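If you want the building blocks of each chain, they are given just below.
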Amino acid sequence: MTRDSTRKEGRAHPDDPRVRILLHRIAAACRNTLGDTLAGVYVHGSLAFGCFCWTQSDIDFLVAVRRPLSQAQKEALLRALLALEPDAPSKGLEMSAVLEAYCRSFIHPAPYELHYSPMHRARCLRDLPAYCAEMHGADPDLAAHFTVARAVGLTLWGPPAESMFGPVPRAAYLDSIRQDVGTACSDILRTPASTTLNLCRTLSFAQEGLVLSKEQGGLWAALCAKPPPYAGFAQSAAESYRSGAPFLPAPAQAQAFAAFLLPSIFHPDFFGQNI
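Conventions adopted
Residues numbered from 1 in each chain as written. Predicted model: local features only at pLDDT ≥ 70, side-chain atom pairs only at ≥ 80, totals over all residues. Heavy atoms only, no water. Helix = DSSP H or I, 4+ residues; strand = E, 2+ residues; numbered from the N terminus. Expected span 1.5 Å × (residues − 1). Buried < 20%, exposed > 50% of the residue type's maximum accessible area, 1.4 Å probe, protein only. Phe/Tyr/Trp six-rings, centres within 6.5 Å; stacked < 30°, edge-to-face > 60°. pLDDT = per-residue confidence, 0-100. Contact = heavy atoms within 4.5 Å. Pairing = 2+ DSSP bridges. Axes fitted to C-alpha atoms, helices over the stretch in contact; angles between N-to-C directions. Left-handed = near helix turned anticlockwise from the far one by under 90°. Nonpolar A, V, L, I, M, F, W, Y, C, P; charged D, E, K, R; others polar. Core = buried A, V, L, I, M, F, W, Y, C linked by side-chain atoms within 4.5 Å. Salt bridge = Lys/Arg side-chain N within 4 Å of Asp/Glu carboxyl O.

The end-to-end C-alpha distance of helix α12 (residues 192–208), which contains 17 residues, comes to 24 Å, matching closely the 24 Å that a straight helix rising 1.5 Å per residue would cover. In terms of burial, α12 is largely enclosed, as 13 of its 17 residues are buried. In the segment just after α12, glycine 209 is the residue with positive phi, at about 70 degrees.

Here's what the structure looks like:
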């Protein structure tokens, strides 16, 4: 890791050697397969925020590249990442490879060279060349990933994250995180803790411009009593997320919580400057 990641390591990493070793192996896999095409490797998500849990979290990272990836480079990178999965947390690894030019000068939705997450594992194993040839495009989620990387990202290799990732327009980030909660009234019945906390962190940005993790979003809502009738609900979701204990609210209560927050989250006046 670079000096930048070492500086943030105590805050962002759990005291778990499995994570430290895995991060070194991820960086090595990127360097070995991409060579001088590689511009940097950056962790975002729960690990960067310091609320990672081996049994509940995945490891999210961005790979910045200097030029478009060849088919051979894509296949080699994914083979290397697939080989790491047996030693990864149960939720796996999620990666997007993006041209350095778009990291530094953001456009929305940002184009990507290659993407992988466990939901695509079966397809990769079935026909890796076809997957690599087809998996490219533009992803609105990258606005959120770049924002988090710029704010709290861990640099595994390359220049510091705050210098690699340029400002993301507030409207682009808000659009990205709003897309995660657009179906919250139904999602909250299947994943009550995660959806509750997503709603809270989205509201925290819409109203106060805060870039928070799921857990931080729930604690913000509880501390600020936003919304007042549901502070305890948000607190319970955050505690469940932190401890792994079940969070099983009554369906009607869960849907009422989502319905209460969504109008504020999608208020048309919540736009502003770059972040």
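Moving on, we come to the packing of aromatic side chains. Counted by the stated rule, this structure contains ten aromatic pairs. Note on tyrosine 230 and phenylalanine 233: the rings are 6.5 Å apart at their centroids and 80 degrees apart in plane angle, and the pair reads as edge-to-face. Using a relative accessible area of 6% as the deciding quantity, one classes phenylalanine 233 as buried. For the ring pair tyrosine 230 and phenylalanine 257, a centre distance of 5.4 Å and an interplane angle of 90 degrees mean the geometry is edge-to-face. Of the two residues, tyrosine 230 sits in the loop between α13 (214–224) and α14 (231–243) while phenylalanine 257 sits in helix α15 (residues 251–265), which places them 27 residues apart along the sequence.

So, on to the confidence of the model for the protein chain. On average, residues of the protein chain score 90 in pLDDT, and 91% of them reach the 70 mark or higher. Across residues 2–12, confidence stays below pLDDT 50; counting only partners more than four residues off in sequence or on other chains, it has 26 contacts.

With that settled, consider the side chain of aspartate 187. For aspartate 187, the location among the structural elements is in helix α11 (residues 184–190). Every residue in contact with aspartate 187, bar those within four places of it in the chain, is listed here: Asp180 and Thr195.

Before going further, it helps to spend a moment on the pairing of strand β2 (residues 59–65). With seven of seven residues buried, β2 is to be regarded as a mostly interior element. Of the two faces of β2, both are covered, the one formed by Ile59, Phe61, Val63 and Val65 as well as the one formed by Asp60, Leu62 and Ala64. Both strand β1 (residues 38–44) and β2 contribute to a ladder of six bridges, which runs antiparallel. The partner of histidine 44 across the bridge, within β2, is aspartate 60. Bridge count between β2 and strand β3 (residues 93–99): seven bridges; the pairing is parallel.

Before going further, it helps to spend a moment on the packing of helix α8 (residues 141–152) against helix α10 (residues 170–181). At their nearest, the axes of α8 and α10 sit 7 Å apart, and the two run at 115 degrees to each other. Two packed elements cross with a definite hand, and for α8 against α10 that hand is left-handed. Residues Asp141, Ala143, Ala144 and Thr147 of α8 touch α10, and the partners they reach there are Ala172, Tyr173, Ser176, Ile177 and Asp180. Grouping the amino acids of the contact of α8 with α10 by side-chain chemistry returns five nonpolar, two polar and two charged.

Turning our attention to the nonpolar core. Nonpolar side chains in soluble globular proteins tend to end up buried together. Judged by nonpolar contacts, the single largest core of 61 residues is most densely connected at Ile26, Phe61, Leu78, Met95 and Phe146. Take this core: its biggest share by element is seven residues, from helix α2 (residues 17–34). Those residues within four positions of phenylalanine 61 in sequence are excluded, and the remaining contacts are Ile26, Cys30, Val41, Tyr42, Val43, His44, Leu81, Leu93, Glu94, Met95 and Ser96. Among the nonpolar cores identified, the runner-up in size contains 24 residues, and Ala193, Cys200, Tyr230 and Leu261 belong to it.

Time to look at the pattern of salt bridges. Where charged atoms from two side chains of opposite charge approach closely, those side chains can pair. Within the structure shown, the criterion is met by eight salt bridges. Between arginine 121 and glutamate 85 there is a salt bridge; the shortest N-O distance is 2.6 Å. Highlighted residues: arginine 121 in helix α6 (residues 121–126) and glutamate 85 in the loop between α4 (71–84) and β3, separated in sequence by 36 residues. For glutamate 85, a relative accessible area of 12% puts it in the buried group. Note that glutamate 215 is salt-bridged to arginine 242, the shortest N-O span being 3.0 Å. Here arginine 242 lies in helix α14 and glutamate 215 lies in helix α13, a separation of 27 residues in the sequence.

With that settled, consider α4. Spanning 14 residues, α4 covers 20 Å between terminal C-alpha atoms, matching the ideal 20 Å at 1.5 Å per step. For α4, the set of buried residues is Gln73, Lys74, Glu75, Leu77, Leu78, Leu81, Leu82 and Leu84. Where the residues of α4 are buried, they touch α2, β2, β3, β5 (114–116), α6 and α7 (128–134).

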